[in-house]
Amino acid sequence: MFLRTLLKSVFLIAIVAVAMIGMIVPSAFAYTITDDATGGDCSTIGTWDSASRTCTLSDDITENIIIGANNIVLDGNGKTILGNPNTEYSPDSYDFDRSHQYYCYGVNQSEPAIKFNAKTNLVIKNFNIKNWCNGIVGTDSINNILQGNTITESQGGINLASSSGDLITQNNFDDIKETVIYLSGSDFTISDNVIDDSNSLFMDTSNLSGFHNPTSLGIHVSGSGVIKGNTLASSESGFRNGIIKYGGEQVTIKNNNIWSMKDTGIDCSTFCNIFDNSIIFGASMDEDYTDSIGIHTGRYTSIHNNIVDNWEIALKIGDHPSLVFDNLFQNNLRAFTLSGSQYVVQNN
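Quick summary incoming for the structure in this document. (Residues numbered from 1 in each chain as written. Predicted model: local features only at pLDDT ≥ 70, side-chain atom pairs only at ≥ 80, totals over all residues. Heavy atoms only, no water.)

## A word on the state of the cysteines
And then number 1: Applying the stated criterion across every chain yields a total of three disulfides.
And then number 2: Residue C42 pairs covalently with C55 via a disulfide, S to S 2.2 Å. Negative torsions about the S-S bond denote left-handed disulfides, and the value of about 100° found for C42 with C55 makes this one right-handed. Of this pair, C42 sits in helix α2 (residues 42-45) while C55 sits in strand β3 (residues 54-57); the two residues are 13 residues apart in sequence, bridging distant segments of the chain. (Disulfide = S-S within 2.5 Å. Helix = DSSP H or I, 4+ residues; strand = E, 2+ residues; numbered from the N terminus.)

## Some remarks on the pattern of salt bridges
And then number 1: Under the defined criterion, the tally for this structure stands at five salt bridges.
And then number 2: Close ionic contact of R53 with D35 constitutes a salt bridge, the shortest N to O distance being 3.7 Å. Residue R53 is located in the loop between β2 (46-49) and β3, and its partner D35 is located in the loop between β1 (30-33) and α2; the two are separated by 18 residues in the primary sequence.
And then number 3: On the accessibility criterion, R53 (30% relative accessible area) is partly exposed.
And then number 4: E153 is the partner of K130 in a salt bridge, and the nearest nitrogen-oxygen pair spans 3.7 Å. Of this pair, K130 sits in strand β9 (residues 128-130) while E153 sits in strand β12 (residues 150-154); the two residues are 23 residues apart in sequence, bridging distant segments of the chain. (Salt bridge = Lys/Arg side-chain N within 4 Å of Asp/Glu carboxyl O. Buried < 20%, exposed > 50% of the residue type's maximum accessible area, 1.4 Å probe, protein only.)

## Digging into the sheet that holds strand β22 (residues 257-258)
And then number 1: Spatial strand order, β6-β9-β12-β15-β17-β19-β22-β24-β26-β29: 10 strands in an open sheet with parallel pairing. Whereas interior strands pair on both sides, the edge strands pair on one side only; in this sheet they are β6 (80-82) and β29 (328-330). (Pairing = 2+ DSSP bridges.)

Functional significance is not addressed by these values, which are geometric in nature.
Set out below in C-alpha cells:
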C-alpha cells in the first residue's frame, strides 16, 4: 500500500513538472514548405498554388520557415515574420554583446527567419523580417532569387554560403547589428538594395565620435560576381564599413552610392573592377577625424570614374599592379596612399 501511494505521488509530481516545463520554455517550431499537395505546412500559414509551386503567406507569423524542396516561390505578401528575442537582455545600441544575446539567444536561439540548404531555383520575396539572429540563411544552393524583402532590427541580414548564381536585389535593411549581406560563392549579383542604420545618426557632425554603435558591415563577399546599384547609409547616417571583398576571384563593383563609413567605403583585397561609384562622407572633418578611407585595395585592381569626396584618405592601394584613372577626388585630406610599384595613375 505504501509503495503504491509513493509511486502515485511520484507520477503526479512528474506530470506537474512536465506541465511546468512546457509553460516556462516554449517549444521552438518551424514551418516547412515542400512541393506536395498542400505545400507542406504552407496551408497552415497561407495559400498553396501547386501549379506554380508558390506559397503565399496570409498572416503574420512568429515561427521561422524552412524551405524543403527545389523550385519553390515563397511570397511573404507583405506579412511579417517576427522573432522572439531574449527579453532578459536589451538591444542596447552601445553594447554589441548585449545585442547579440538579445537577438540570438531568445526562444528561437540562433535560427534565421527563413533558411534553406542545398536548394535550387528558389524565389523568396516580399517579406518583412524583424527581431531575428539572421533574416535569411542559405547554404550550398544554386540560382536563387531574394527580392523585395525588408529586414530590420536583427543581428544579421542575409547570409548565403557556398552558393552559385544567386541574385539579391531590391531588398531594404535597417538597424542590422553585424553584416547586412554576406555571400560566398560564384556568379552572384547583389543589386539595388538599400542598406541603412537609422539608429546610427550623427550626434555631432563635427567628428566621428557622434556615431552610435553602428552596423558593422554593409556587404561582404568572397567569390566572383557583381555588386551594383546599391545605396549604403545616407547623408545623415552611417556605419563602419560599406563593401568588403576577399579572395582571388574577379568582382565588379559599380554604380553604388556609399555614404559615411567609420573605416572604409570599399575594401577589395585583390581582383576588383571599381567604377562609377559615388563615395561621399557626410560628416565634417576636423583634427580628431579617424583614418577613414574611401577606397582601399590590394593588387590587380582597376579604379576609374568614381567620385570620392570628404574622406581622410580618398584612395589607399597596398599592393601592385593597379590602374587608376578618370576619378574625381575632392575635399579629402589626402588623395592617394600608394605602396609598391607598377601603377598607372592618370587623369584624376
